[in-house]
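Chains, contacts and geometry: an overview
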Amino acid sequence: DEERLNAEFEAVIARQERIEPRDWMPEGYRKTLVRQIAQHAHSEIIGMQPEGAWISRAPSLRRKAILLAKVQDEAGHGLYLYSAAETLGVDRAELTRRLISGAQKYSSIFNYPTPDYADVGTIGWLVDGAAICNQVPLCRSSYGPYSRAMIRICKEESFHQRQGYELLLTMMRGTGEQRALVQDSVDRWWWPSLMMFGPPDADSPNTAQSMHWGIKRHTNDELRQRFVDMTVPQADALGVRLPDPDLAWNPERGHYDFGQPDWAEFTRVIKGDGPCNAERIAHRRRAHEDGAWVREAAAAFAARGPARAGT
Ligand code: FAQ
């Protein structure tokens, strides 16, 4: 019977149709989706911290309003994604516990510090730029709730990317000191942005199976190349230098050649030993504990059930 169900599942995948929550699915497919969607949700929630730190110090009311809206969008993306994960039979509270205990990962990129306001612009330009590159193909992911969540998320991410680029353009039109801050920020974020796409294909244990299942549509290296090709002309227009001596147009390939990030650093960061891992998790844990009374009150209110209609 399982064989027949699996054959039906494989046929849906082969026809590029969607798997929905009530459809039969192999356990490995469910597990891979929970892992990827939860990691993605955690990234959005932890990703609020590096930029959130600048809300109270943004240089104008306009910049503060923009940043507040962006960070709020990220909270919304996290909630969307937790809801998508819940359709696979996992509990959101449990996912949060797994994040706080270190049992589940979040993107390496959010373990780097944001010492300058220019970092807000660079995160928008490079980090949201990389996120879009990675996530637009996920709008065609084989799992319905995930692919649909991605459509709205990508629209908002592309707005975030433009606001980051506009911020950097403004600073590049400013003083020499401002231009130097932008360059320094780009120097610090370039390599970590390339790491967002995951390890090289040869070292990526999940890519082949995830591509077969249509969860991922491109390999890590394909998307990293796409990001570099998209970003180099934007860097030229901005007037910043990307910190890679090997970066050069290759007319035969029709792509830019580029150097490799420090993969040993990547491994350290995803194992918990990056510059800000401890701080990010401690902050998330504190926020979770501080919010306990809100969850208790909400649960008590919900438990009153239909009676509350009369109140
Ligand atoms: N960081 O076999 P693969 C955002 C792990 S965007 C940490 O290649 P896979 C928006 C991987 O989980 C950022 N861990 O894995 C925003 C696996 O470990 P595991 C979030 C990483 O899944 C912008 C192991 O390494 N976006 O938040 C990373 O096939 C600005 C082996 O790797 C997404 O999550 C990494 N960079 O491919 C918010 C997109 N790379 O779980 C605020 C959806 C790999 O077996 C501000 N996810 N690992 O223990 C994906 O597309 C995929 O999961 C990849 C990894 C491509 C990230």
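Above: the structure in question.
Residues numbered from 1 in each chain as written. Predicted model: local features only at pLDDT ≥ 70, side-chain atom pairs only at ≥ 80, totals over all residues. Heavy atoms only, no water.

1. Description of the packing of helix 2 (residues 27-46) against helix 5 (residues 92-101)
At their nearest, the axes of helix 2 and helix 5 sit 11 Å apart, and the two run at 70° to each other. By the angle between their axes, helix 2 is roughly perpendicular relative to helix 5. Side by side, helix 2 and helix 5 meet where V34, A38, H42 and I46 of the first sit next to L95, T96, R98 and L99 of the second. Classifying every residue of the contact of helix 2 with helix 5 gives 5 nonpolar, 2 polar and 1 charged. (Axes fitted to C-alpha atoms, helices over the stretch in contact; angles between N-to-C directions. Helix = DSSP H or I, 4+ residues; strand = E, 2+ residues; numbered from the N terminus. Parallel < 35°, antiparallel > 145°, perpendicular 65-115°, else oblique. Contact = heavy atoms within 4.5 Å. Nonpolar A, V, L, I, M, F, W, Y, C, P; charged D, E, K, R; others polar.)

2. Topic: the site of the ligand
Taken together, 35 residues surround the ligand, and among them Q39, K105, S204, K216 and N220 come closest. A distance of 2.4 Å separates an oxygen atom of the ligand from a polar side-chain atom of K105. Within the contact set of the ligand, a nitrogen atom lies 3.2 Å away from a backbone nitrogen or oxygen of M195. Look at the ligand: alone it shows 1100 Å² of surface, and the protein chains cover 91% of it. Within the residue set of the shell around the ligand, elements represented by two or more residues are helix 2, helix 4 (61-86), helix 6 (118-135), helix 7 (144-172) and helix 11 (263-273). If you tally residues by element for the shell around the ligand, the top one is helix 2, at 6 residues. Residues of the shell around the ligand, tallied by class, amount to 13 nonpolar, 13 polar and 9 charged. (Near = heavy atom within 4 Å. Polar contact = N/O pair within 3.5 Å; in protein donor to acceptor, adjacent residues only side chain to side chain. Areas by Shrake-Rupley, 256 points an atom, 1.4 Å probe, with all protein chains shown as cover.)

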